[in-house]
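A closer look at the structure
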Amino acid sequence: MRDELDQLVARLSAGSGLRLVGLPRPAVVYEAVSRLLDVLFPTGPAAGVRSTLREVRAGMTAQVERALAFAGKEGDAVALVDEWLERLPEIRRMLVLDARAAYEGDPAATSPEEVVCCYPGFLAIGYHRLAHELYQLGVPLVPRAISERAHSLTGIDIHPGARIGERFFIDHGTGIVVGETAVLGRGVSLYQGVTLGAKKFELDEHGNPIKGVPRHPILEDDVIVYAGATILGRVTIGRGSVIGGNVWLTESVPPGSRVTHSSEKI
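This one's a predicted model, so the numbers in the text were calculated from it and none came from an experiment.

A short note on the overall build of the protein
If you tally the helices and strands in the protein, you get eight helices and 14 strands. Considering only C-alpha atoms, the protein reaches an extent of 65 × 55 × 45 Å along its principal axes. Sorting the 266 residues of the protein into buried and exposed places 43% on the buried side. For the protein, the share of sequence-separated contacts (at least 6 apart) that also reach a separation of at least 24 residues comes to 44%. Entry remark: accessible area of the protein is about 14,200 Å², with carbon and sulfur atoms responsible for 53%. If you average the places of the 28 positive and of the 32 negative side-chain charges in the protein, the two averages end up 1 Å apart.

Considering the nonpolar core
Grouped together as the largest cluster of nonpolar side chains are 65 residues, with contacts concentrated most on Leu184 and Leu190. Of all the secondary structure elements, the ones that give two or more residues to this core are α2 (26-40), α3 (49-71), α4 (77-86), α5 (88-105), α7 (120-136), α8 (142-154), β3 (169-171) and β6 (189-191). In terms of residue count, the dominant contributor to this core is α7 (seven residues).

Examining the packing of aromatic side chains
Considering all chains together, one arrives at three aromatic pairs under this definition. Seen from their ring centres, Phe41 and Phe122 are 5.7 Å apart, and the 75° between their planes marks the pair as edge-to-face. Here Phe41, found in the loop between α2 and α3, pairs with Phe122, found in helix α7; they are 81 residues apart in sequence, far enough to count as distant. Here Phe41 matches Phe122 in class, with each residue buried. Here the aromatic rings of Phe169 and Tyr191 are separated by 6.4 Å at their centres, their planes lie at 70°, and the arrangement is edge-to-face. Here Tyr191 lies in strand β6 and Phe169 lies in strand β3, a separation of 22 residues in the sequence.

Focus: the environment of Lys73
Assignment of secondary structure puts Lys73 in the loop between α3 and α4. Along the sequence, Lys73 and Arg239 sit 166 residues apart, while their C-alpha atoms lie 39 Å from each other. At 2.7 Å, the side chain of Lys73 forms a polar contact with the backbone oxygen of Gly138.

Remarks on the packing of α5 against α7
Two elements in contact, α5 and α7, have axes separated by 10 Å at closest approach and are oriented at 150°. Taken together, the axis directions place α5 and α7 in an arrangement best described as roughly antiparallel. α7 is crossed by α5, and the crossing has right-handed handedness. Touching Leu88, Ile91, Met94, Leu95, Asp98 and Ala99 of α5 are Phe122, Ile125, Gly126, Arg129, Leu130 and Glu133, all from α7. Considered class by class, the residues forming the contact of α5 with α7 number eight nonpolar, one polar and three charged.

Re empty space enclosed by the protein
One pass over the full model with this rule turns up two cavities of 30 Å³ or more. A volume near 40 Å³ is recorded for the largest cavity. If you go around the largest cavity, the residues you meet are Ala124, Tyr127, His128, Ser147, Ala150, Ile156 and Ile158. Mapped onto the lining of the largest cavity, the elements with two or more residues apiece are α7 and α8. Sorting elements by how many residues they give to the lining of the largest cavity places α7 first, with three residues. Approximately 40 Å³ is the volume found for the second largest cavity.

So, how was this worked out
- Residues numbered from 1 in each chain as written.
- Predicted model: local features only at pLDDT ≥ 70, side-chain atom pairs only at ≥ 80, totals over all residues.
- Heavy atoms only, no water.
- Helix = DSSP H or I, 4+ residues; strand = E, 2+ residues; numbered from the N terminus.
- Buried < 20%, exposed > 50% of the residue type's maximum accessible area, 1.4 Å probe, protein only.
- Contact = heavy atoms within 4.5 Å.
- Areas by Shrake-Rupley, 256 points an atom, 1.4 Å probe, with all protein chains shown as cover.
- Lys, Arg positive; Asp, Glu negative; His and termini not counted.
- Charge placed at Lys NZ, Arg CZ, Asp CG, Glu CD.
- Core = buried A, V, L, I, M, F, W, Y, C linked by side-chain atoms within 4.5 Å.
- Phe/Tyr/Trp six-rings, centres within 6.5 Å; stacked < 30°, edge-to-face > 60°.
- Polar contact = N/O pair within 3.5 Å; in protein donor to acceptor, adjacent residues only side chain to side chain.
- Axes fitted to C-alpha atoms, helices over the stretch in contact; angles between N-to-C directions.
- Parallel < 35°, antiparallel > 145°, perpendicular 65-115°, else oblique.
- Left-handed = near helix turned anticlockwise from the far one by under 90°.
- Nonpolar A, V, L, I, M, F, W, Y, C, P; charged D, E, K, R; others polar.
- 1 Å grid on protein atoms, 1.4 Å probe; cavity = no way out; pocket = protein on both sides within 12 Å on 5 of 7 lines; lining within 4 Å.
- Points joined across faces, edges and corners; volume = space filled by probe spheres on them.

Following this line, the structure appears as structure tokens:
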């Protein structure tokens, strides 16, 4: 048995063939984001904010340094993390509006505070708004780690590149997918099982997907998308439109549209 174990150890020690050494450490990123949300919305006395920010700054700087080195990108990790932290007041302002939108949009919500405390949709939005700012700063890998943490906690998958306006409301939420180049205006509401995805991928001369091409939907202000609806491609859903449950939509619709599965008509 010892010889067999020695052989197994040797095979495992040969590695996976993937370049994993030097990747950011997800556990450090997860802890940092959780602590920042506690700073933004403390449930007790707001003590130790300075020490928390100092520790988050140090931990995230190390992870951003690792991400930049792994991706072969130039950048000052300290400056990037400092800029990210400077945006926290604006992130909180938007999250407060998100919480109020959830309270106003959900008859079961008794207060915005209940939304902050209990709603997985709000948690996913919080993670997204933090991840998106890092994404906007050009930090590789770390924003995706944040978004996938929210995905694992809530079942809501929002790519950090998605641009989402104020007063965003997610009701129930499980199974929602929002793609990298999606653009959501102000006052958008999504229900469980909604997909804002890509219809097709442009390929390069080697047959590989071209990265970063706009390929996900644009939802203008005050659009509501009900449970199970799928909207694919770079289409525009006009302001104030309502997309009914289980609709499959691959074309743009004008402002004020009502699209239902039963009629399959705009």
